[in-house]
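The residues making up each chain are set out below.
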Amino acid sequence: MTTETDDGTGIDTDPVPDGGTVTGGEPGPSHEHERTGNAAVNWMESLSEAAYAYLLLLPAFALLTLIAFYPMIRTFVMSLRANQTRGLDPLGGFVGIENYIDILTGNARLARQFLDVGLTSSFPFIELGTPLFQQALFVTLAFAVISVVVETVIGFGQAYVLDQEFTGRRWVRVAIILPWAVPIVIQGMIFFLLFQPTVGFGSDLMQSLGIFSATPLANSRDAFIIILVADIWKSSAFMALLILAGLQSVDRSLYDVARVAGASPWQRFKLITLPLVMPALLVAMLFRTMDAMRVYGLIESTAGCTTVPSLSCLVVEAMFGGTRIYATAAAVAFATALVIGLIIGVYVLLFRDTDGGMY
């Protein structure tokens, strides 16, 4: 709005959002807000692509810090205190890294010896007197390595089949994905009943072939193989789904050009399919490795942690067993997190492309 003065000139008196007026052309609060907003926009536009990406990721980093890093820090603090089984406070005074030394040397007061270490049924490479943490670490690493490698090979084969055009592909896809929909407890009970000598046929069949003992679920080596097969049966579908997503993102015209150039099927796979699907493949392997390192439910519902221990089994046993040694459980949990973090670091270092990033 313009107000006329005595000399015939006009002065702007436009209303502003806070109810005031702007007279004589002087900037009001709205202009100040606009100027501040423009400065923020100009600052963001001046950022590099990497800096702008990190700026957008800040909320996610803050949430991750709240729900992931803070519990880890609390777990580490708990692991530096003594166990206290009496009184209201389950934790005693500060003892430093004593709990870590105890779990590595076998002096931790864990409830029982897990593996059967008899001369005829001992687990491979595990001898009598081996500390429980080392037993569980060996079992967990062996389980993770074998299961991830086999699941990657099977999942890649399944994804490669599903990527082709053929009649009934929809039903084949459902059959492949179906095991992934089975809950872990149901999965464990299926294989538990399958290898129960008085219920399932798996025990008698494998015993007749000379592979398993009469009671495979009570034997650490046999039970380990059963749990591996159960996990491969279920999790290969997960690998197939992620790898299939990578396969379907490959430009089909590349295969046409390769055929015209006379490339064999193996050359097309080696030079086109494998390099282009590698990002999805590595992501799938990383996810499955982290999941395999935390295995617990499948073991407990199939053979039990007393037969085949894992690092998660040690945590649950120490935390919720008869003694309830919380500080030791925290030490095992934090050590498990460190092992998983180390494995992630190995993935990042080994599978870097020429530009310094992940494939």
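Given the structure is predicted, the values throughout are model-derived calculations rather than measurements.

Asker: Lay out the overall build of the protein chain in plain terms, naming residues and giving numbers.
Answerer: Scanning the protein chain from terminus to terminus reveals 13 helices and six strands. Taken across its 359 residues, the protein chain has 35% of its residues classed as buried. Pairs at least 24 residues apart make up 59% of the contacts formed inside the protein chain by residues separated by at least 6 positions. Accessible surface computed for the protein chain: about 20900 Å², of which carbon and sulfur atoms make up 66%.

Asker: Could you give me a rundown of the packing of aromatic side chains, with the residues and numbers involved?
Answerer: Per the stated rule, a full pass over the model turns up seven aromatic pairs. In this structure an aromatic cluster arises from ring pairing among Phe156, Tyr160, Trp266 and Phe269. Above the ring of tryptophan 180, the side-chain terminus of lysine 234 is found at 5.0 Å from the ring centroid.

Asker: Outline the environment of tryptophan 180, supporting the account with residue identities and numerical values.
Answerer: Considering the arrangement of structural elements, one finds tryptophan 180 in the loop between helix H5 (169–177) and helix H6 (184–194). Sequence separation between tryptophan 180 and serine 235 is 55 residues, and the spatial gap between their C-alpha atoms is 6.2 Å. In contact with tryptophan 180, not counting residues within four places along its chain, are Lys234, Ser235, Ala237 and Phe238.

Asker: Provide a residue-level description of helix H8 (residues 220–248), including the pertinent values.
Answerer: Here H8 spans 41 Å end to end across 29 residues, near enough to the 42 Å set by a 1.5 Å rise per residue. Most pronounced at lysine 234, the bend in H8 amounts to some 35°. Most of H8 sits inside the fold, with 21 of its 29 residues counted as buried. Capping of H8 at its N-terminal end is provided by asparagine 219; its side-chain oxygen lies 3.0 Å from the backbone amide nitrogen of arginine 221.

Asker: Give a description of the nonpolar core that names residues and reports values.
Answerer: In this structure, Phe143, Phe224, Ile227, Ile243, Ile299 and Val308 are the most contacted members of the largest nonpolar core, which totals 44 residues. Looking at this core, the elements with two or more residues in it are helix H4 (132–162), H8, helix H10 (265–293), helix H11 (297–302) and helix H13 (326–350). Top contributing element to this core by residue count: H8, with twelve residues. Residues Ile103, Phe133, Phe334 and Ala335 belong to the second largest nonpolar core, which totals twelve residues.

Asker: Got a sec to walk through the state of the cysteines? Specific residues and values, please.
Answerer: Counted by the stated rule, this structure contains one disulfide. Each sulfur of the disulfide joining cysteine 305 and cysteine 313 lies 2.0 Å from the other. Taking the torsion about the S-S bond as the criterion, the cysteine 305 to cysteine 313 disulfide, at about -60°, is left-handed. Looking at cysteine 305, the relative accessible area reads 7%, which means it is buried.

Asker: Give me the lowdown on the pattern of salt bridges, citing residues and values where you can.
Answerer: Within the structure shown, the criterion is met by eight salt bridges. For aspartate 163, the salt bridge identified is with arginine 252, shortest N-O distance 2.8 Å. In this pair, aspartate 163 sits in the loop between H4 and H5 while arginine 252 sits in the loop between H8 and helix H9 (253–260), placing the two residues 89 residues apart along the sequence. With relative accessibility at 10%, the residue aspartate 163 sits in the buried group. When the shortest N-O distance is used, the salt bridge between arginine 288 and aspartate 231 registers 2.8 Å. Here arginine 288, found in helix H10, pairs with aspartate 231, found in helix H8; they are 57 residues apart in sequence, far enough to count as distant. This pair shows no difference in class: arginine 288 is buried, exactly as aspartate 231 is. One network of salt bridges, with partners in common, ties together Glu151, Asp231, Arg288, Asp291 and Arg294.

Definitions and cut-offs
- Residues numbered from 1 in each chain as written.
- Predicted model: local features only at pLDDT ≥ 70, side-chain atom pairs only at ≥ 80, totals over all residues.
- Heavy atoms only, no water.
- Helix = DSSP H or I, 4+ residues; strand = E, 2+ residues; numbered from the N terminus.
- Buried < 20%, exposed > 50% of the residue type's maximum accessible area, 1.4 Å probe, protein only.
- Contact = heavy atoms within 4.5 Å.
- Areas by Shrake-Rupley, 256 points an atom, 1.4 Å probe, with all protein chains shown as cover.
- Phe/Tyr/Trp six-rings, centres within 6.5 Å; stacked < 30°, edge-to-face > 60°.
- Lys NZ or Arg CZ within 6 Å of the ring centre and 35° of its normal.
- Expected span 1.5 Å × (residues − 1).
- Bend = angle between axes of the 7 residues up to and from the residue.
- Polar contact = N/O pair within 3.5 Å; in protein donor to acceptor, adjacent residues only side chain to side chain.
- Core = buried A, V, L, I, M, F, W, Y, C linked by side-chain atoms within 4.5 Å.
- Disulfide = S-S within 2.5 Å.
- Salt bridge = Lys/Arg side-chain N within 4 Å of Asp/Glu carboxyl O.

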